[in-house]
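# Structural characterization, general
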Amino acid sequence: SGGSSRTVSFSPRPWSSSNQRFVLSSPRTPVDGVASELNRYPVLQQPPSMKRIHRLVNLRGGASDDSDSEYDDEFDDESEDEDFGSLDDEEYSLEAGDEEFAGETMVSSVLNQWSKTPPFTKCYLLASMLAGTVGQSKNGFPDFLMLDYTKAIKEGQVWRFVTSFLNLGPLSISWFLTAHFVWTYMGTLERMHHDRPYDFWIMILVGCASMVIGYPIFKVSPKFLGHNLSTFLVYIWSRSHEGFDVSVFELFTIKAEMLPWFFLGQTFLLEGEFPLMDLLGIAFGHIYNHCKTVGMLRAPAFIVNWYEKGEPGSFAYKIKEAYKKMAADFQVQ
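Residues numbered from 1 in each chain as written. Predicted model: local features only at pLDDT ≥ 70, side-chain atom pairs only at ≥ 80, totals over all residues. Heavy atoms only, no water.

## Observations concerning the environment of Asn167
- Assignment of secondary structure puts Asn167 in the loop between helix H7 (160-163) and helix H8 (173-192).
- Residues Asn167 and Phe224 lie 57 residues apart in sequence; the distance between their C-alpha atoms is 5.8 Å.
- Apart from the residues lying within four places of it in its own chain, the contact partners of Asn167 are Phe141, Met146, Lys223, Phe224, Leu225, Gly226 and His227. (Helix = DSSP H or I, 4+ residues; strand = E, 2+ residues; numbered from the N terminus. Contact = heavy atoms within 4.5 Å.)

Quick look at the structure:
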């Protein structure tokens, strides 16, 4: 259902979803005329810094409001003096804007965006970084957190079913690129479910359970489940943004629904082997998307009630308040 009326351009930003995947994009502010899309996908709104740049560029480029487009045919000297005076004020305000913008470093911008990261995505990335730091001394992911079916089932080490998804690879530049990838797409999906976060939790649970159960059937190593989960998330993201354009290295664009398949082809070309894990991530994502669309997947009533009826001061209430803070980002300015 991805028609041209739902097309919004995306700008490139490097990230990675596997050890050798250094691609390409994340949402850019939509152009004029897509207010209806902002209602549906409000995560694409302009951050304050982009609004300020847009305003400055418009002023310097000669843009003006419709109310300024009509002028009198004759001006007296007094009105001209007033115009020049207002121009001086404008130049001063622009210079002040430049100084303010210059003070925003890349680090402060990243920290600002991190502070707005949804709670589940933030906890996931922090836990992954902590696990990677612990395993750094052994040049790998901690063995006691890896998925070992024998130890998990026979020895009761059930935490392995969860902690294995924290493995995004060794704590290196590759890890940070992959983490940025997860930050972008997991965070976007979580923000889209800010009013019903339990649906997002069920989505993550279904994705993880599918891989834990499915990989032994296909005899696939569960070593890098964090990477595989990211493929699952990208597929769901792509189906949620059908018809949108994604820029690839600023060389060409593809439709959002083709993004997972682009990754699959890229893995095949770079690694020289059949990308079975990526394909399974797409398959599990498709199964989830279908079941969700036809109404087969719903959050259990006890989870919904726990979240919706949380008393002030309770853990559920604090989570609800955290999601409420994101509501302002889903309003068209």
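## As for the packing of aromatic side chains
- According to the stated counting rule, one finds 14 aromatic pairs in the structure shown.
- Centre to centre, the rings of Trp175 and Phe176 are 5.0 Å apart; their planes meet at 85 degrees, and the pair counts as edge-to-face.
- Residue Phe176 is classed as partly exposed on the basis of its relative accessible area of 46%.
- Above the face of the Tyr307 ring, Lys320 is positioned so that its terminal group lies 5.9 Å from the ring centre. (Phe/Tyr/Trp six-rings, centres within 6.5 Å; stacked < 30°, edge-to-face > 60°. Buried < 20%, exposed > 50% of the residue type's maximum accessible area, 1.4 Å probe, protein only. Lys NZ or Arg CZ within 6 Å of the ring centre and 35° of its normal.)

## Topic: helix H14 (residues 315-324)
- For H14, the set of buried residues is Ala316, Ile319, Lys320 and Tyr323. All buried residues of H14 project into a common sector of 100 degrees when viewed along the axis, lining one side.
- Each element contacted by the buried residues of H14 is listed here: helix H5 (119-136), H8, helix H9 (197-218) and helix H13 (301-308). (Arc of directions from axis to C-beta.)

## Remarks on the pairing of strand E4 (residues 252-255)
- When strand E3 (residues 245-248) meets E4, the two strands line up antiparallel, connected through four bridges. Bridge pairing links Ser247 to Thr253 in E4.
- Taken together, E3 and the strand that follows it, E4, pair antiparallel across an intervening segment of three residues, in which Phe249 is found at a positive phi of about 55 degrees. (Pairing = 2+ DSSP bridges.)

## Digging into a nonpolar patch on the surface
- Together, Leu130, Val134, Phe144 and Trp159 make up a nonpolar patch on the protein surface, roughly 410 Å² of accessible area in all.
- Considering the arrangement of structural elements, one finds Val134 in helix H5.
- Owing to a relative accessible area of 43%, Val134 belongs among the partly exposed residues under this scheme. (Patch = residues over 30% accessible without salt bridge, like charges linked within 9 Å, V, L, I, M, F, W, Y side chains within 5 Å. Areas by Shrake-Rupley, 256 points an atom, 1.4 Å probe, with all protein chains shown as cover. Salt bridge = Lys/Arg side-chain N within 4 Å of Asp/Glu carboxyl O.)

## Side note on the side chain of Asp245
- You can see Asp245 is positioned in strand E3.
- A residue is classified by how much of its surface remains accessible, and Asp245, at 16% relative accessible area, is buried.
- Within the structure, Asp245 has its side chain in polar contact with the side chain of Lys255 (distance 2.9 Å). (Polar contact = N/O pair within 3.5 Å; in protein donor to acceptor, adjacent residues only side chain to side chain.)

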